[in-house]
Structure formats: structure tokens, C-alpha cells
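Breakdown of the fold
Listed below, chain by chain, are the residues.
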Amino acid sequence: MAMIADALDAPLARQAAPAPDVRLPKPRLQWGAALKALQRLLNDKEDTGQVFEIMRALNGTSTARCYERLLTTARGGRIAYERQELAARLMDDAWLDSMPAGSVGAAYREFIRSEQLSAEGLAEVSRIQGSEVDIQHPYAWMGRRTRDVHDIWHILSGYHRDGLGESCLVAFSYAQTKGLGWALIALGAMSRSRGADHPYNKAIWQGYKRGKAAAWLLGEDYERLMAEPLDSARKRLNITPATIYDSIPAQARDAAVPKRM
């Protein structure tokens, strides 16, 4: 399922400044809405908006927990205090062009340009009706941070944008964030992959195990990480090779999540 939309033209300035007294609603699980969105997503892997419907329905409590965890890390207090908007930084072409060859940032730059993606394009898709994603609140900022690093996690994990790669990455993301929305999408993908000719489900399960074994990526300083050599970053963060995913022919990976069983 393609979780990243193609590049959209909406500028960052389109984000209206919210009123200072806006409050986030108390997080609650909305399984009915999540399951309906999952069905739509599995039947149309390009319908990226359904991913954010699922996240909105199930990930509120995990986002809050991730923010609290960030404050306990060595660099987390500073990162939370600065509250940098990664989407804006990732839209800075001059900054991306300054990334050295072989770095995480250089790989990210090649990835988004070859796939015709943009951080703002993804952000625009996340602004579903009734979403609180842009309000001025620490938990909303953490939600944006989680959203904006998705394509960087593609680079770090080695998973591409095919159906299997996205399914493996959502399993990886569940291990990292404990967001139930990620788990639901991964399980939905696995339910569609049973009985296939390739070990799709084993690849997705390995995605979860790789995410669990890796360092906590939401606590990373992405300004520094982007300039780091990709191989060194993977080693430092204990991101192991995606051996099962890599063993499956590229032309067979989109068949991992068929529309119907």
C-alpha cells in the first residue's frame, strides 16, 4: 500500500496558525472507523488518506507516550524544546543538495526526487477533515514528527514503496512507536498475503523484529542523522538487513497485498 502520496503543490504557508487556546481532544480508540479505513486502503493501496484515518483513530495515546519518552532521552529535551518542523526542513532543496555522497540525506534526496515525492505532499494528505495535526501542541508536534520521518525510515530500513515494502515498514513502525494503527495495517496486509508463493508474511514479521531490535528512531537528531553515512547510521542504530524482503523478486513485491483473497 503506497503510504506516501505523490508530490503536491500546496505550500507550507498554507498552514493556518491555530488559535492559542486550541486543545487536543482526549485520545480514544475508534476501532470502527479504523477498520472501515483499513478495508478501503487494502482495496486501493494508493489511497494514502486512509492511512491517516487509521492513525487518527488508533494512535493518539501512543503519540503522547512517544513524546513523554522523548523527554527522557539524552537529546530529547533539547529536541522537544526546539520543536523543529521536519517537513519544512525536508523541503529545503539547498539543504538536501548539501548532503554528502553516501549519506542518509543523499539517499533520501535521491529517493524523493526519483519517486516524485515531497514532505509537504505527505503533510497535505494528513490534513484530513477534523484532524488536529497542525495545532500548536506538543503531542500534535510529535505526530507531525512521526509522519515526516516516514520516508527517512524507508531509507534506513531498506524497504521500497512497493506493497510489500510498505507493509514491512508499517510493521517496523509499530515496533518503534507502539501505535495500534501501524499494527492494524500490518495485520491487514498479512491477512491478504496468506497462501502466496513468496514468504510475504515472514518478510512483514521480520519488519517488526527489525524495528524492535533497532534503536528508537524518534529520539534521533535528524539534522545530524541526515549527514551521517548510511551504512554507519544503520550499524549505529542496529538496523539489520532486510534479508527476507530482499530475497523476494522486485517484480513480485506489489502482489503481496492483493485487493481480494
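See the structure above.
These lines cover the structure that appears in this document, whether it is placed above or below. All figures in this text were calculated on a predicted structure; none of them were measured in a lab.

1. Brief notes about empty space enclosed by the protein
If you walk through the whole model with that rule in mind, you get one cavity of 30 Å³ or more. A volume near 40 Å³ is recorded for the largest cavity. Taken together, Y108, S118, A119, L122, R147, D148 and D151 make up the lining of the largest cavity. Going through the elements one at a time, α8 (119-126) and α9 (138-148) are the ones with two or more residues in the lining of the largest cavity. When grouped by side-chain class, the residues that make up the lining of the largest cavity number three nonpolar, one polar and three charged.

2. Some remarks on the environment of W141
Turning to its location among the elements, W141 is positioned in helix α9. Overall, W141 belongs to the buried group, its relative accessible area being 1%. Look past the residues within four positions of W141 in its chain and what remains in contact with it is Y67, L70, I79, A80, R83, Q84 and E85.

3. Structural notes on unusual backbone geometry
Non-glycine residue R83 carries a positive phi angle of around 50°. Along the chain, R83 falls in the loop between α4 (76-82) and α5 (86-90). Classification of R83 as partly exposed rests on a relative accessible area of 34%. Phi angles above zero are rare outside glycine, and K178 is one such case at about 60°. Since its relative accessible area comes to 39%, K178 is described here as partly exposed.

4. Examining the pattern of salt bridges
Scanning the model with the defined rule gives 16 salt bridges in all. R89 is the salt-bridge partner of D92, the closest N and O atoms lying 3.1 Å from each other. In this structure D92 comes out as partly exposed when scored by relative accessible area, which is 27%. A salt bridge links D97 to R113, with the nearest nitrogen and oxygen atoms 2.9 Å apart. Placement of the pair is D97 in helix α6 (residues 93-97) and R113 in helix α7 (residues 104-114), with a sequence separation of 16 residues.

Basis of the calculations
Residues numbered from 1 in each chain as written. Predicted model: local features only at pLDDT ≥ 70, side-chain atom pairs only at ≥ 80, totals over all residues. Heavy atoms only, no water. 1 Å grid on protein atoms, 1.4 Å probe; cavity = no way out; pocket = protein on both sides within 12 Å on 5 of 7 lines; lining within 4 Å. Points joined across faces, edges and corners; volume = space filled by probe spheres on them. Helix = DSSP H or I, 4+ residues; strand = E, 2+ residues; numbered from the N terminus. Nonpolar A, V, L, I, M, F, W, Y, C, P; charged D, E, K, R; others polar. Buried < 20%, exposed > 50% of the residue type's maximum accessible area, 1.4 Å probe, protein only. Contact = heavy atoms within 4.5 Å. Salt bridge = Lys/Arg side-chain N within 4 Å of Asp/Glu carboxyl O.

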